[in-house]
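Breakdown of the fold
What follows is the residue order along each chain.
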Amino acid sequence: AQSVTQLGSHVSVSEGALVLLRCNYSSSVPPYLFWYVQYPNQGLQLLLKYTSAATLVKGINGFEAEFKKSETSFHLTKPSAHMSDAAEYFCAVISGTYKYIFGTGTRLKVLA
Amino acid sequence: DTGVSQNPRHKITKRGQNVTFRCDPISEHNRLYWYRQTLGQGPEFLTYFQNEAQLEKSRLLSDRFSAERPKGSFSTLEIQRTEQGDSAMYLCASSLVQALGTEAFFGQGTRLTVV
């Protein structure tokens, strides 16, 4: 069965610093992976997705993620944090029955 | 494309009452999902439909929960005899299933508070 684990429920970075949010997956078949962002009292918005076309995936708002099969990881990065990046971020994998399975989330705080 | 729409956005109800939420997916999407999200947690899968057929239900979905998607269009999620533990954000999502890599589009959610 597929699953994802997000390390670090809270991450704080200074404005302008590198953002690194960690996600490890477990899957018996090649996974399809997603990162979503959620702002307070809002639904989830897709940041990017990995569908095996390229291991480095670029998304919206300057975010990117790299699929590393050897490490079973799909970490999300952004070179320079902005105050507007403060939100909760969820990693997700899709199961063979097209069910999306989410991690527990990482709340990103950006310090001025 | 107006996105996934959920109504109401907020609902406060007394314990023991029944509540019903509505989700209107993106019009051409054939898959519709319901998730529940509690504070500090990721969305937990409840159920999904392909067109009008309910294909899978989570064990989280007790007998008090029922979902429908008549004619494969909008969907409703009903909770009977609400309990305080039902307080959560209920999220609806839809997708057009063409390949496994297709992403789901989420609505803004319905926040339920049971008092």
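Residues numbered from 1 in each chain as written. Chains lettered and ligands numbered in written order. Predicted model: local features only at pLDDT ≥ 70, side-chain atom pairs only at ≥ 80, totals over all residues. Heavy atoms only, no water.

**Some thoughts on the pattern of salt bridges**
- The tally for this structure, following the rule as stated, stands at eight salt bridges over all chains.
- The salt bridge involving Glu64 of chain A is made with Lys58 of chain A; its shortest N-O contact spans 2.8 Å.
- Close ionic contact of Arg22 of chain B with Asp24 of chain B constitutes a salt bridge, the shortest N to O distance being 2.8 Å.
- Counted as one network, the salt bridges with shared partners bring together Arg64, Glu83 and Asp86 of chain B. (Salt bridge = Lys/Arg side-chain N within 4 Å of Asp/Glu carboxyl O.)

**So, the interface of chain B and chain A**
- Taken residue by residue, the interface counts 26 residues in chain B and 22 residues in chain A.
- Between chain B and chain A lies a buried interface of about 2000 Å² when both sides are counted; carbon and sulfur atoms form 54% of it.
- Inspection of the chain B/chain A interface yields two salt bridges.
- Of the charged contacts, one joins Lys99 of chain A and Glu56 of chain B as a salt bridge, the two residues approaching to 2.8 Å between their closest N and O atoms.
- Here chain B and chain A share ten residue pairs in polar contact (both at pLDDT 80 or more) between them.
- For the side of chain B that touches chain A, the element with the most residues is strand S4 (residues 31-37) of chain B, which contributes four residues.
- When the residues that make up the side of chain B that touches chain A are grouped by side-chain class, the tally is twelve nonpolar, nine polar and five charged. (Contact = heavy atoms within 4.5 Å. Buried area = accessible area lost by both parts, 1.4 Å probe. Polar contact = N/O pair within 3.5 Å; in protein donor to acceptor, adjacent residues only side chain to side chain. Helix = DSSP H or I, 4+ residues; strand = E, 2+ residues; numbered from the N terminus. Nonpolar A, V, L, I, M, F, W, Y, C, P; charged D, E, K, R; others polar.)

**So, the state of the cysteines**
- A full pass over the atoms with the stated rule returns two disulfides over all chains.
- Disulfide partner of Cys23 of chain A: Cys91 of chain A, at an S-S distance of 2.0 Å. Handedness here is read from the sign of the S-S torsion; for Cys23 of chain A and Cys91 of chain A, about -60 degrees, the answer is left-handed. Of this pair, Cys23 of chain A sits in strand S3 (residues 19-26) while Cys91 of chain A sits in strand S9 (residues 87-94), placing them 68 residues apart in sequence.
- Owing to a relative accessible area of 0%, Cys23 of chain A belongs among the buried residues under this scheme.
- Across the disulfide, Cys23 of chain B is cross-linked to Cys92 of chain B (sulfur-sulfur distance 1.8 Å). Around the S-S axis, the bridge from Cys23 of chain B to Cys92 of chain B shows a dihedral of about -70 degrees and counts as left-handed. Note that Cys23 of chain B is positioned in strand S3 (residues 19-24) and Cys92 of chain B in strand S9 (residues 88-95), a separation of 69 residues in sequence. Here Cys23 of chain B and Cys92 of chain B have matching classes, each one buried. (Disulfide = S-S within 2.5 Å. Buried < 20%, exposed > 50% of the residue type's maximum accessible area, 1.4 Å probe, protein only.)

**Side note on the sheet that holds strand S1 (residues 5-7) of chain B**
All names here are of chain B.
- As summarised here, the arrangement of the four strands in space is S1-S3-S8-S7, forming an open sheet in which the pairing is antiparallel. Looking at the sheet topology across the chains shown, the edges are occupied by S1 and strand S7 (65-68). Ignoring which end each strand starts from, the neighbouring axes of this sheet average 15 degrees apart.
- Of the strand pairs in this sheet, S1 and S3 are connected by three bridges, and their pairing is antiparallel. Note that in S3 the partner of Gln6 across the bridge is Cys23. (Pairing = 2+ DSSP bridges. Axes fitted to C-alpha atoms, helices over the stretch in contact; angles between N-to-C directions.)

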